[in-house]
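# Fold and contact review
Chain by chain, the residues run as shown.
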Amino acid sequence: MVKRTRFDEESCPVARSVDAVGDWWSLLIVRDAFDGSRRFGEFQRSLGVAKNILSARLRALVDNGILEQAPTGYELTAKGEALFPVIVALRQWGETFAFAPDEPHSQLLDRRDQQPLKVLEVHAADGRLVGPADTEVHKLP
């Protein structure tokens, strides 16, 4: 068996985040938790993943403080709920680039007015829109 590369001691926040939730099963479990799945069987039916893989991913998400076990099943923690913008960004990227124009797909709507969410944007502290060319990484001591 190939040993998994770990990134939990990297100085890069992206690498550490990928270490916690970077595989597709974990992100899809988090997506399903946002959609209301709580029980092992609900996740298994939705994802069609093997039970041993699902068990391992759920355990890792609990160990990383993203999910917690409750009497009603698995629940997102505050740390897990903080992944909502990540899931929305992936969804919006997928809506734009992963489907043909006429291909059916799901859409995330605002519960209050049943309208699609505004596309996520990244803004500087002063409110202006920024893109990759407007940013740079600085290492903290």
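Residues numbered from 1 in each chain as written. Predicted model: local features only at pLDDT ≥ 70, side-chain atom pairs only at ≥ 80, totals over all residues. Heavy atoms only, no water.

## Observations concerning the overall build of the protein chain
Just so we agree on the cut-off: Only DSSP runs of H or I with at least four residues qualify as helices, and only runs of E with at least two residues qualify as strands; both kinds are numbered from the N terminus onward. Using a 1.4 Å probe on the protein chains alone, a residue whose accessible area is under 20% of its type maximum counts as buried, one over 50% counts as exposed, and one in between counts as partly exposed. Whether two residues are in contact is decided by their heavy atoms, any of which lying within 4.5 Å being enough. To be clear on the numbers: accessible area is Shrake-Rupley with a 1.4 Å probe, and residue cover counts the displayed protein chains and nothing else. Note that His is not counted, nor are the chain ends; the positive residues are Lys and Arg, and the negative ones are Asp and Glu. To locate a charge, take atom NZ for lysine, CZ for arginine, CG for aspartate or CD for glutamate.
The helix and strand tally for the protein chain stands at 6 helices and 2 strands. Reading the protein chain from its N end, one meets helices and strands in the order α-α-α-α-β-β-α-α. By its C-alpha atoms, the protein chain is 45 × 45 × 30 Å across when sized along the principal axes. In the protein chain, which comprises 141 residues, the share counted as buried stands at 23%. Long-range pairs, those at least 24 residues apart, make up 40% of the contacts in the protein chain between residues at least 6 apart in sequence. For the protein chain, the computed accessible surface area is about 10,700 Å², with 57% contributed by carbon and sulfur atoms. Taking the average place of the 18 positive charges on the side chains of the protein chain and the average place of its 21 negative ones, the gap between the two points comes to 6 Å.

## A few points about the packing of aromatic side chains
Inclusion rule: Aromatic pairs are defined between Phe, Tyr and Trp rings, using the six-membered ring for Trp, whenever the two ring centres lie within 6.5 Å; interplanar angles under 30 degrees are classed as stacked, those over 60 as edge-to-face, and all others as tilted.
Considering all chains together, one arrives at 3 aromatic pairs under this definition. Ring geometry for F34 versus F84: centroids 5.3 Å apart, planes at 65°, classification edge-to-face. In this pair, F34 sits in helix α2 (residues 24–34) while F84 sits in helix α6 (residues 84–97), placing the two residues 50 residues apart along the sequence. Seen in terms of ring centroids, F43 and Y74 are 6.3 Å apart; in terms of plane orientation they differ by 70°. Their pairing is edge-to-face. One end of the pair, F43, is in helix α3 (residues 40–47); the other, Y74, is in strand β2 (residues 73–76), and 31 residues separate them in sequence. Grouping residues by exposure puts F43 and Y74 together as buried.

## A closer look at the environment of E136
Defined as follows: Whenever a nitrogen or oxygen atom comes within 3.5 Å of another N or O atom, the pair is scored as a polar contact, on the condition that within protein one atom can donate a hydrogen and the other can accept it, and that pairs from neighbouring residues in sequence are kept only if both atoms are in side chains.
As for its placement among the helices and strands, E136 is situated in the segment after α6. Taking the C-alpha atoms as reference points, E136 and V62, 74 residues apart in sequence, are found 33 Å from one another. At a separation of 3.1 Å, a polar atom in the side chain of E136 contacts the side chain of H138.

## Focus on the pattern of salt bridges
Condition: Think of a salt bridge as a Lys or Arg side-chain nitrogen and an Asp or Glu carboxyl oxygen that are within 4 Å of each other.
By the definition in use, this model includes 3 salt bridges. Residue D126 pairs with R128 through a salt bridge whose shortest N-O separation is 3.1 Å. On the basis of relative accessibility, which here comes to 57%, the residue D126 falls in the exposed class.

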